[in-house]
Amino acid sequence: MDVRLDGKSAIVTGGSKGLGLAIAKEFAASGANVAILARDQSSLNDAKAEIEKVAKGVKVLAISCDVSKAGPIEAACKQCNDAFGKVDIFVNNAGQSTRGPSETITDEQWQADLDLKLFAQIRFCRILMPQMKQRKWGRIISVLNIGAKAPGADSAPTSVSRAAQMALTKAMSMEGAPHNVLVNSLHVGVIVSDQIKRRFDRERPNVSFEQYVADAGKGVPMGRMGKAEEFANVATFLASDAAGYVTGCAINVDGGRSPVV
Ligand SMILES: NC(=O)c1ccc[n+]([C@@H]2O[C@H](COP(=O)([O-])OP(=O)(O)OC[C@H]3O[C@@H](n4cnc5c(N)ncnc54)[C@H](OP(=O)(O)O)[C@@H]3O)[C@@H](O)[C@H]2O)c1
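Criteria and cut-off values
- Residues numbered from 1 in each chain as written.
- Predicted model: local features only at pLDDT ≥ 70, side-chain atom pairs only at ≥ 80, totals over all residues.
- Heavy atoms only, no water.
- Pairing = 2+ DSSP bridges.
- Helix = DSSP H or I, 4+ residues; strand = E, 2+ residues; numbered from the N terminus.
- Axes fitted to C-alpha atoms, helices over the stretch in contact; angles between N-to-C directions.
- Contact = heavy atoms within 4.5 Å.
- Near = heavy atom within 4 Å.
- Polar contact = N/O pair within 3.5 Å; in protein donor to acceptor, adjacent residues only side chain to side chain.
- Areas by Shrake-Rupley, 256 points an atom, 1.4 Å probe, with all protein chains shown as cover.
- Nonpolar A, V, L, I, M, F, W, Y, C, P; charged D, E, K, R; others polar.
- Domains from an automatic or database assignment.
- Salt bridge = Lys/Arg side-chain N within 4 Å of Asp/Glu carboxyl O.
- Buried < 20%, exposed > 50% of the residue type's maximum accessible area, 1.4 Å probe, protein only.
- Left-handed = near helix turned anticlockwise from the far one by under 90°.
- Right-handed = clockwise from strand over helix to strand, strands pointing away.

Another aspect to go through is the sheet that holds strand E2 (residues 33-38). As a general point, the strands of a sheet are linked pairwise by backbone hydrogen bonds and lie either parallel or antiparallel. The strand order E3-E2-E1-E4-E6-E8-E9 describes an open sheet built from seven strands, whose pairing is parallel. Looking at the sheet topology across the chains shown, the edges are occupied by strand E3 (60-64) and strand E9 (250-253). Ignoring strand direction, the axes of neighbouring strands in this sheet form an average angle of 20 degrees. The pairing of strand E6 (residues 138-145) with strand E8 (residues 181-188) spans eight bridges and is parallel. Residue pairing in the sheet places Ile141 in a bridge with Asn184 of E8. The sheet contacts of helix H1 (residues 18-29) involve strand E1 (9-13), E2, strand E4 (89-92), E6 and E8, and relative to E1 the element is tilted by about 170 degrees.

The subject of this paragraph is the site of the ligand. Ser16, Arg39, Asn93, Ser193 and Arg198 are the nearest of the 28 residues found near the ligand. Here an oxygen atom of the ligand sits 2.7 Å away from a polar atom, N or O, in the main chain of Asn93. In this structure, an oxygen atom belonging to the ligand sits 2.7 Å away from a side-chain N or O atom of Arg198. Contact with the protein chains covers 94% of the free accessible surface of the ligand, which is 880 Å². With four residues, helix H6 (residues 194-203) is the single largest residue contributor to the shell around the ligand. Residues that form the shell around the ligand fall into these classes: 11 nonpolar, 10 polar and seven charged. Counting contributing residues, the shell around the ligand receives three or more from each of domain 1 (9-189 + 230-253) and domain 2 (192-225).

Tallied over the full model, the rule gives 12 salt bridges. A salt bridge links Arg139 to Asp241, with the nearest nitrogen and oxygen atoms 3.9 Å apart. A residue pair is termed long-range when its members are at least 10 positions apart, and Arg139 in strand E6 and Asp241 in the loop between helix H8 (228-239) and E9 qualify at 102 residues. What makes Arg139 buried here is its relative accessible area of 2%. The structure contains a network of salt bridges with shared partners spanning Lys86, Asp88 and Arg135.

If you trace the backbone, Ile73 turns up in helix H3 (residues 70-84). Given a relative accessible area of 0%, Ile73 falls into the buried group. Considering only alpha carbons, one finds Ile73 and Phe124, 51 residues apart in sequence, at a separation of 6.6 Å. In this structure Ile73 touches Cys65, Val67, Ala120, Arg123, Phe124 and Ile127, once residues within four positions along its chain are discounted.

Okay, the packing of H1 against helix H2 (residues 41-54) next. Close contact between H1 and H2 brings their axes to 8 Å; oriented N to C, the two are set at 35 degrees. In this structure, H1 meets H2 at a crossing whose hand is right-handed. Listed contacts from H2 to Leu21, Ala24, Lys25, Ala28 and Ala29 of H1 are Ala47, Glu50, Ile51 and Val54. Classifying every residue of the contact of H1 with H2 gives seven nonpolar, no polar and two charged.

This part covers the pairing of E2. The element E2 is extensively covered by neighbouring structure, given that six of its six residues are classed as buried. The pairing of E1 with E2 spans five bridges and is classified as parallel. The residue of E2 that forms the bridge with Val12 is Ile36. In this fold, the crossover linking E1 to E2 by way of H1 has right-handed handedness. Relative to E3, E2 runs parallel, the two being bridged by five bridges. Across the sheet, the residue bridging to Ile36 is Ala62, located in E3. A crossover links E2 with its parallel partner E3, the connecting element being H2, and its sense is right-handed.

What follows is the structure, encoded as C-alpha cells:
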C-alpha cells in the first residue's frame, strides 16, 4: 500500500504542538505542502523548523491565527491559497479541554468552546469545501475526543462541542461524497502531547513525567497512553488516496478506552 501525499497541500490547525505537530510532520514527510496554524508565533517558528528537518522539497507555512474567530480564518485560508494554489486537506485539530459540572459552565465558556471547536470547523469548511468539490478531491479530518460518543460527568462543554462536530462531520461527508471530498473524524482517548505535559505541570504530582504517563495509561485497555506519531499515522492514511473509499466515519484512536465503537 502506498500512503503518499505528493502534490497535495494541507492546513493543520493547532499544528505547533502535540497531535497537530505530529500530523503536520507526517504529512510533510509524505510529500505534502503544509500550513500549521496556532496563536503563538514563537512556537509556530520552532514547529516549522522541526517539520523542515523531516520534509524535503515541500513548502511549510507557519501562520499565526486564532481559529475561534472568523476574520483570522479567512485571512489564513487566503494566505494558504496564495502560497500553495489550493488546499486539498484540512485537519481541524486546534483545541483545549474546558470541563466541569454542567450547571457551573457560563454562557461565555459555552460560546468560547463552540467557537474554538465547532465554529472553526464550520468557518474553514465554508471556505475550503467548495474548492475541494470543484477539483473533485478533498479530505477533511476533525480531531475530536471519545466523549463525543460517550460523554461522562463533568465533561461539558467539551463533549457537547465534540458531539456537534461529529454530527457536522457526518452531514458534510454526505455532501462531499459525490464530489470525492471525504470527511471523517478521529476520536482521541489519551495521547501524550504538550497538553498532557501542561496538566502534569499544573497537578505537580510527586512522580516523574514518565511515571505520570505510565500511571495514566493503566486505565486504558492497552495499558498505556498513545503516542502522537501513532495518531498521525491514522490521519495520514485518511488523508491519502489509500483511504479513497472511507468517509463519514468516526474512528476511535484510543487503545480501546471508549466504551462504545
Ligand atoms: N492529547 C489528548 O490526550 C487529547 C484528548 C482528547 C482530545 N484531544 C484534542 O486533540 C487536539 C490536539 O490536542 P493536543 O493534546 O495535541 O493539544 P496541545 O498539545 O495543547 O496543542 C494544542 C494546539 O492547539 C493550538 N490552539 C489552541 N487554541 C487555539 C486557538 N484558539 N487558535 C489556534 N490554535 C489554537 C495550540 O497553539 P496556541 O496555544 O499557540 O494557539 C497548539 O498548537 C485538541 O483539539 C484536543 O482537545 C487531545
